Amino acid sequence: MARLHQSRKRILVTGGAGFLGSHLIDRLIGQGHEVICADNLYTGSKRNIEHLHNHPRFEFLRHDVCNPLKIEVDEIYNLACPASPVHYQHNPVLTTKTSVMGALNMLGLAKRLRCRIFQASTSEVYGDPEVHPQREDYWGHVNPIGTRACYDEGKRCAETLFFDYHRHHGVDIKVARIFNTYGPRMLPMDGRVVSNFITQALAGEDLTLYGDGKQTRSFCYSDDLVEGFLRLMESPADVTGPVNLGNPGEFTMIELAGQVLKLTGSRSKLIHLSLPEDDPRQRQPDITLAKEKLGWQPTVPLAEGLKRTLDYFRKLT
Ligand code: NAD
Ligand code: UDP
Ligand code: UDP
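Residues numbered from 1 in each chain as written. Chains lettered and ligands numbered in written order. Predicted model: local features only at pLDDT ≥ 70, side-chain atom pairs only at ≥ 80, totals over all residues. Heavy atoms only, no water.

K.L.:
What is the right way to look at the environment of Pro-248 in this model?
P.N.:
Relative to the elements of secondary structure, Pro-248 occurs in the loop between strand 11 (243–245) and strand 12 (250–252). Look at Pro-248 and you get partly exposed, because its relative accessible area is 27%. Once residues lying within four places of it in the same chain are set aside, the contact partners of Pro-248 are Ser-218, Gln-284, Pro-285, Ile-287 and Pro-298. (Helix = DSSP H or I, 4+ residues; strand = E, 2+ residues; numbered from the N terminus. Buried < 20%, exposed > 50% of the residue type's maximum accessible area, 1.4 Å probe, protein only. Contact = heavy atoms within 4.5 Å.)

Laid out in structure tokens, this is it:
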């Protein structure tokens, strides 16, 4: 049957009630697509999607991706998985299950529907990297039995499934390796460093610096990242990824704390707590591939992104 709106797609976003998923859905709805958000609300929140309640092109499905899903869609974004170390270590077996069984079920769905599928993978596949900055051809340095392994190995196995479904079943895949991303709709005190520091600074509490604070991360603003998602999804079929998506600007956690204190005008102090197990010493994406294949690079500097995030957190309190 001819479709009524040729350019309008029906798109499934798993994990769509989460931080990144909800921003992605806003962009897709804005482009005129129909969106089905499948989420079990494990770490996501209805608040992130409540503005879409009753929207004629939006549907919420309370669903756990560990279970099969039989629906008809044109495209799938698979984002369902807790992302903060505190959240994913809360029930590590469930994290691995979500990553692996979620990927398997969504790939089975994509295979049956012959539709394109995007996977939210992570810079954690590089573990505590010995190569710096990280390029996509680096195989990584992951402790398979450590406390981060439930997430790191779960995501690595999901990538394996994506490439095996691609090679063996011809599934049209897009794998993004996402580096630390922040922005409005992160949960306050979800354990991630940006949300922790902002919440603490606003409350006048000490900022909790883990270890010596000299470890580095590269922070990407959510709008920039979602633009990368859309460009990867629209890219030619031979661009399967994995493609790094992140902001190459690299900062120590001490520098990040300094920026948050400056922006908030807070007089909070820094206190040192112990470094979590297997915490990577350094992390910075090489985004040459994304620039070449997608014409993508981040545009929002850390100070500007933090300001926007701060505005959001201020309104919450
Ligand atoms: P988030 O925790 O805000 O969102 C994850 C969403 O998945 C939540 O809405 C949660 O309820 C849902 N979910 C979890 N388990 C589920 C299950 N079994 N079935 C259905 N839904 C389930 O995290 P986020 O930062 O928005 O991350 C989204 C995706 O991006 C994740 O896959 C994460 O691994 C990946 N990622 C994020 C970052 C980052 O810095 N934000 C970095 C690398 C990778
Ligand atoms: N699957 C699903 N929706 C579908 C098709 C498959 O959730 O529309 C699930 C299915 O239940 C299975 C997984 O995806 O657990 C892999 O499916 P596939 O057909 O590749 O493998 P098989 O079912 O033969 O093991
Ligand atoms: N971190 C910190 N204080 C906090 C939370 C995190 O110093 O309150 C550190 C953490 O040890 C890590 C970095 O900040 O070195 C980034 O942590 P996050 O959990 O945000 O992301 P990930 O470790 O997954 O990159």
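There's more to say after this.
K.L.:
Which parts of the structure should I look at to understand the side chain of Arg-116?
P.N.:
When you line up the elements, Arg-116 lands in strand 5 (residues 116–122). The class of Arg-116 is buried, set by a relative accessible area of 16%. At 2.8 Å, the side chain of Arg-116 and the side chain of Asp-172 are in polar contact. Discounting residues that sit within four places of it in the chain, Arg-116 has contacts with Asp-74, Glu-75, Ile-76, Asp-172, Lys-174, Met-233, Glu-234, Ser-235, Pro-236 and Ala-237. (Polar contact = N/O pair within 3.5 Å; in protein donor to acceptor, adjacent residues only side chain to side chain.)

K.L.:
Got a minute to help me understand unusual backbone geometry in this structure?
P.N.:
Among all residues save glycine, negative phi is the norm, and among peptide bonds the norm is trans. For the bond from His-132 to Pro-133, the omega torsion is -10°, close enough to zero to count as cis. Relative to the elements of secondary structure, Pro-133 occurs in the loop between strand 5 and helix 4 (149–169). In this structure, Pro-242 follows Gly-241 across a cis peptide bond, with omega equal to 0°. Inspection of the secondary structure assignment puts Pro-242 in the loop between helix 6 (222–234) and strand 11. With a phi angle near 55°, Met-189 is a residue other than glycine that sits in the positive phi range. Even without glycine at this site, Asp-278 takes up a positive phi of about 60°.

K.L.:
So what exactly am I meant to see when it comes to the site of ligand 2 here?
P.N.:
Around ligand 2, the neighbouring residues are Pro-68, Leu-69, Lys-70, Leu-104, Asn-105, Gly-108, Leu-109, Lys-111, Arg-112 and Tyr-165. Within the side chain of Arg-112, one N or O atom sits 2.6 Å away from an oxygen atom of ligand 2. Considering ligand 2 on its own, with 520 Å² of exposed area, one finds that the protein chains cover 63% of that surface. When residues of the shell around ligand 2 are assigned to their parent elements, the largest contribution, six residues, is made by helix 3 (residues 92–113). For the shell around ligand 2, the class distribution of residues is five nonpolar, two polar and three charged. (Near = heavy atom within 4 Å. Areas by Shrake-Rupley, 256 points an atom, 1.4 Å probe, with all protein chains shown as cover. Nonpolar A, V, L, I, M, F, W, Y, C, P; charged D, E, K, R; others polar.)

K.L.:
Is there a simple way to explain the packing of aromatic side chains in this structure?
P.N.:
How two aromatic rings sit relative to each other is set out by the distance from centre to centre and by the angle between their planes. By the definition in use, this model includes eight aromatic pairs. A centroid spacing of 6.4 Å and a plane angle of 85° characterise the contact between Tyr-182 and Phe-219, whose relative ring orientation is edge-to-face. Here Phe-219 lies in the loop between strand 9 (216–218) and strand 10 (220–221) and Tyr-182 lies in strand 7 (residues 181–182), a separation of 37 residues in the sequence. An aromatic cluster is built from Tyr-77, Phe-118 and Phe-229, whose rings are joined through pairwise contacts. (Phe/Tyr/Trp six-rings, centres within 6.5 Å; stacked < 30°, edge-to-face > 60°.)

K.L.:
How should I be thinking about the nonpolar core in this particular structure?
P.N.:
Proteins that are soluble and globular tend to have nonpolar side chains buried together. The biggest cluster of nonpolar side chains holds 55 residues, and the ones touching the most others in it are Leu-24, Tyr-77, Phe-118, Phe-229 and Leu-245. Once you skip the residues sitting within four places of it in the chain, Tyr-77 turns out to touch Ile-11, Leu-12, Val-13, Thr-14, Leu-24, Leu-28, Phe-118, Phe-229, Leu-230 and Met-233. In terms of nonpolar packing, the next biggest core, distinct from the first, is built from 25 residues, Val-65, Ile-76, Ala-80 and Leu-107 among them. (Core = buried A, V, L, I, M, F, W, Y, C linked by side-chain atoms within 4.5 Å.)

K.L.:
Teacher, can you tell me more about the sheet that holds strand 6 (residues 173–178) here?
P.N.:
Picture the strands of a sheet paired through backbone hydrogen bonds; they go either parallel or antiparallel. Taken in spatial order, the seven strands make up an open sheet running 3-2-1-4-5-6-11, and their pairing is parallel. Only two strands of the sheet have a single partner each, and these edge strands are strand 3 (58–62) and strand 11. When the angles between neighbouring strand axes are averaged without regard to direction, this sheet yields 20°. Inspection of the sheet shows strand 1 (residues 10–14) paired to strand 2 (residues 34–39) by five bridges, in the parallel sense. The residue of strand 2 that forms the bridge with Leu-12 is Ile-36. (Pairing = 2+ DSSP bridges. Axes fitted to C-alpha atoms, helices over the stretch in contact; angles between N-to-C directions.)

K.L.:
Can you help me understand the pairing of strand 1 in this one?
P.N.:
The two faces of a sheet get side chains in turn, since along a regular strand they alternate between them. Most of strand 1 sits inside the fold, with four of its five residues counted as buried. Taking the sense of rotation as the criterion, the β-α-β connection linking strand 1, helix 1 (residues 19–30) and strand 2 turns out right-handed. (Right-handed = clockwise from strand over helix to strand, strands pointing away.)

K.L.:
How should the state of the cysteines be read in this particular structure?
P.N.:
Where two cysteines share a covalent bond between their sulfur atoms, that bond is called a disulfide. Under the criterion given, the structure shown has zero disulfides. Looking at the unpaired Cys-150, the closest cysteine sulfur is the one in Cys-81, lying at 8.4 Å. We note that Cys-157 lacks a disulfide partner, and the nearest cysteine sulfur, in Cys-81, lies 12 Å from it. Judged by relative accessible area, Cys-157 falls into the partly exposed class, the value being 32%. (Disulfide = S-S within 2.5 Å.)

Worth remembering: the numbers are spatial, not functional.
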